[in-house]
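Descriptive structure summary
Single-letter residue listing:
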Amino acid sequence: MIKFFLMVNKQGQTRLSKYYEHVEINKRTLLETEVIKSCLSRSNEQCSFIEFKDFKLIYRQYAALFIVVGVNDTENEMAIYEFIHNFVEVLDEYFSRVSELDVSFFKAVSQVFLSSWQIQARPDQVLVLALEDDPTSV
């Protein structure tokens, strides 16, 4: 099970975070700091899977962005590793070469995207469509 999803730049600044389990705000900051430090301190030759406290970290680097996913011990690491790559491919379809600026833009609409709404985005406009079966849609 996925516990959290982070997008971080090389300077260690969190650009996007989504938690799938409740974590208090002050503990999130501490957790993100430790997770980022663990991932950024590793070389390119080292494995992208890290045993961290009571869960695993799976990360991939794309240019200046790191995508980190925290999962429980029973999760398949390779499946999550491929999930990260597929996520970046989807972003590339929308933004044509994902950059940190695109992630900042994406963060503005991420709550909609990550809460099972459908987004169709172009650089000049953003159109958000609620799924038909979503009871909260207007």
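In short, a report on the structure. (Residues numbered from 1 in each chain as written. Predicted model: local features only at pLDDT ≥ 70, side-chain atom pairs only at ≥ 80, totals over all residues. Heavy atoms only, no water.)

Per the secondary structure count, the chain includes three helices and seven strands. Secondary structure of the chain in N-to-C order comes out as β-β-α-β-β-β-α-α-β-β. Looking at the chain residue by residue over its 138 residues, the buried ones come to 33%. In the form shown here, the chain has an accessible surface area of approximately 8600 Å², with 53% of it arising from carbon and sulfur atoms. (Helix = DSSP H or I, 4+ residues; strand = E, 2+ residues; numbered from the N terminus. Buried < 20%, exposed > 50% of the residue type's maximum accessible area, 1.4 Å probe, protein only. Areas by Shrake-Rupley, 256 points an atom, 1.4 Å probe, with all protein chains shown as cover.)

Within the element layout of this structure, Ser 48 appears in the loop between helix H1 (25–40) and strand E3 (49–52). Here Ser 48 falls in the buried class, since its relative accessible area comes to 16%. Setting aside its immediate chain neighbours within four residues, Ser 48 contacts Leu 57, Ile 58, Tyr 59 and Tyr 81. (Contact = heavy atoms within 4.5 Å.)

As a general point, the strands of a sheet are linked pairwise by backbone hydrogen bonds and lie either parallel or antiparallel. With antiparallel pairing, five strands are arranged side by side in an open sheet as E2-E1-E5-E4-E3. Lying at the two open borders of the sheet, with one neighbouring strand each, are strand E2 (14–19) and E3. Between one strand axis and the next, the sheet turns by 20° as a mean value, whatever way the strands run. Pairing of strand E1 (residues 2–9) with strand E5 (residues 65–71) involves seven bridges; the strand directions are antiparallel. Bridging from a neighbouring strand, Phe 5 pairs with Val 69 of E5. (Pairing = 2+ DSSP bridges. Axes fitted to C-alpha atoms, helices over the stretch in contact; angles between N-to-C directions.)

Moving on, we get to unusual backbone geometry. Most peptide bonds adopt trans geometry, and most residues besides glycine take a negative phi value. At Lys 53, a residue that is not glycine, the phi angle is positive and equals roughly 50°. Counting through the fold element by element, Lys 53 comes out in the loop between E3 and strand E4 (55–62). A relative accessible area of 61% means that Lys 53 is categorised as exposed. A positive phi is found at Ala 63, a non-glycine position, where the angle reads about 55°. Overall, the relative accessible area of 65% leaves Ala 63 in the exposed class.

On to the pattern of salt bridges, then. Counted under the stated rule, the structure contains three salt bridges. Notably, a salt bridge pairs Lys 53 with Glu 34, separated by 2.7 Å at the nearest N-O pair. Here Lys 53 is found in the loop between E3 and E4, whereas its partner Glu 34 is found in helix H1, with 19 residues between them in sequence. When its relative accessible area of 26% is taken as the criterion, Glu 34 is described as partly exposed. Across the pair Lys 56 and Glu 77 runs a salt bridge whose closest N-O atoms are separated by 2.6 Å. Remark: Glu 77 occurs in helix H2 (residues 77–95) and Lys 56 occurs in strand E4; sequence separation between them is 21 residues. Note on Lys 56: relative accessible area 9%, which makes it buried. (Salt bridge = Lys/Arg side-chain N within 4 Å of Asp/Glu carboxyl O.)

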